[in-house]
Amino acid sequence: MSRWRYFIKRVLLSIPVLFLVMSLIFIILRMGPLDPVAALLGPESSGAQTAQIREQLGLNEPLWRQYLDFMWGLLTFDLGQSWVIQPGRTTNELLVSYAPRTLWLGFWSVLLPLFIGIPLGFYAGLNPNSWGDYVASFGGIVWLAMPNFWLAIMALAILRRTDGGGLFGFDWYTIGPNVDSLIGPPPTNFVGITDWVSVAGMAIPAGFYFDFSLFLVAAKVILPPAIVLGSASMASELRIGRTAVLETINSNYVETARAKGLSERVIVWKHVFRNALIPLVPIITNEAFLLIGGSVIVEVIFGINGIGSLFFNAAYQADLPLAGSLIFIFTLIIIFMNIIQDLLYTVLDPRVGYDQ
């Protein structure tokens, strides 16, 4: 089997996976302990009110019909309306409102580990048993041992004590662009569309604006939660990167390259880095799992009010259609990241598909 046939097969396999996951989610939401009627009416509601609300929400319909409506809504991206948190607003409207903050947090949470964890891991692997290796390895172990929720609370406690130039000699509130609070949603309107044109009946953006000062404020507000959220990935990439470089640099083909007289620079860039990246691919793509799970906690602690905290409130307050739709979005993201992982494997590793 060729590498690209292997990749297409993996893409097609994601379709039944998506159906299976969403079927399980429907069963858990509809047959679990969450009761949206009790969340709407409270414990003092009467039997008549309960029956009326259940009828309005369609909960008296047969379960198979609710399942078909649920799956058809997901397939057509008609994600329904919120029942409890913001009744009357569609899930699509809530996603447009909440998703940019989570995307901004996710962007920095992936970017920081990539540009800190991997270079540090490669440096430690290329300089084993040096002081730099010891410091980087010890820092990775300590960083990995700190859970997100504890690190978030510590970060807030430390940054708040810098108000007025505290123990650390700098004031986080005023260094760079001024911010009034360490928590709260970051501004995401630093970029936008100013003009649209119609091409073949389709609206295409034709003009953009970018506010650099607002961009700096948004980056400063999101930096502490992004470091907290990306901390586990950063430490994992550092440790696995170091191990991968050590294994690669001592392999037979690298020794053969040295025997041929290739310079160390060529060996490192052409042979070591590419092969050392292969074990890092699942670590990088699996960050989506960590970001989705961790963003719920980090968003709640930092008050970011993105789709992570929206899902927490939807699940806690039994907003079934909103919770189900958000899980559907999370599942799509995870499946997409798995496809990206398979694509990277297909490009980087020529052995992919040979034994299939």
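Model, not experiment: these values are computed from the prediction.

So, how was this worked out
Residues numbered from 1 in each chain as written. Predicted model: local features only at pLDDT ≥ 70, side-chain atom pairs only at ≥ 80, totals over all residues. Heavy atoms only, no water. pLDDT = per-residue confidence, 0-100. Helix = DSSP H or I, 4+ residues; strand = E, 2+ residues; numbered from the N terminus. Buried < 20%, exposed > 50% of the residue type's maximum accessible area, 1.4 Å probe, protein only. Polar contact = N/O pair within 3.5 Å; in protein donor to acceptor, adjacent residues only side chain to side chain. Contact = heavy atoms within 4.5 Å. Phe/Tyr/Trp six-rings, centres within 6.5 Å; stacked < 30°, edge-to-face > 60°. Lys NZ or Arg CZ within 6 Å of the ring centre and 35° of its normal.

Visitor: Before we go on, may I ask you to explain the confidence of the model for the protein chain in this structure?
Guide: Where the model shows low pLDDT, its predicted coordinates should not be examined in detail. Here the protein chain averages 82 in pLDDT, and 94% of its residues register 70 or above. Looking over the protein chain, one finds the lowest element-wise mean pLDDT in helix α11 (residues 280-285), namely 72, and the highest in helix α7 (residues 148-160), namely 87.

Visitor: Could you clarify how one ought to interpret helix α13 (residues 307-316) in this entry?
Guide: Each α-helix turn comprises 3.6 residues. Residues three or four places apart therefore point the same way. What α13 keeps buried is the set Ile307, Gly308, Ser309, Leu310 and Ala314. Just past α13, the residue Ala318 takes up positive phi, approximately 60 degrees.

Visitor: Hey, could you run me through the side chain of Thr331 in this one?
Guide: Inspection of the secondary structure assignment puts Thr331 in helix α14 (residues 320-348). Take Thr331: its relative accessible area is 9%, and that puts it in the buried class. A distance of 2.7 Å separates the side chain of Thr331 from the backbone oxygen of Ile327, its partner in a polar contact. Discounting chain neighbours no more than four positions away, the residues touching Thr331 are Leu18, Val21 and Met22.

Visitor: Would you mind showing me how to read the packing of aromatic side chains here?
Guide: Evaluated as defined, the whole model comprises 15 aromatic pairs. Each ring, one from Phe212 and one from Phe215, has its centre 6.1 Å from the other, and the planes form 25 degrees; the classification is stacked. Taken together, the positions of Phe212 and Phe215, both in helix α8 (residues 212-249) and three residues apart, correspond to about one turn of that helix. Members of the aromatic cluster, each reached through a chain of ring pairs, are Trp104, Phe107, Trp108, Phe190, Phe210, Phe212 and Phe215. The ring of Tyr98 is capped by Arg101, whose NZ or CZ atom sits 5.5 Å from the centre of that ring. Sitting above the plane of the Trp172 ring, Lys220 keeps its charged end 5.5 Å from the centroid.

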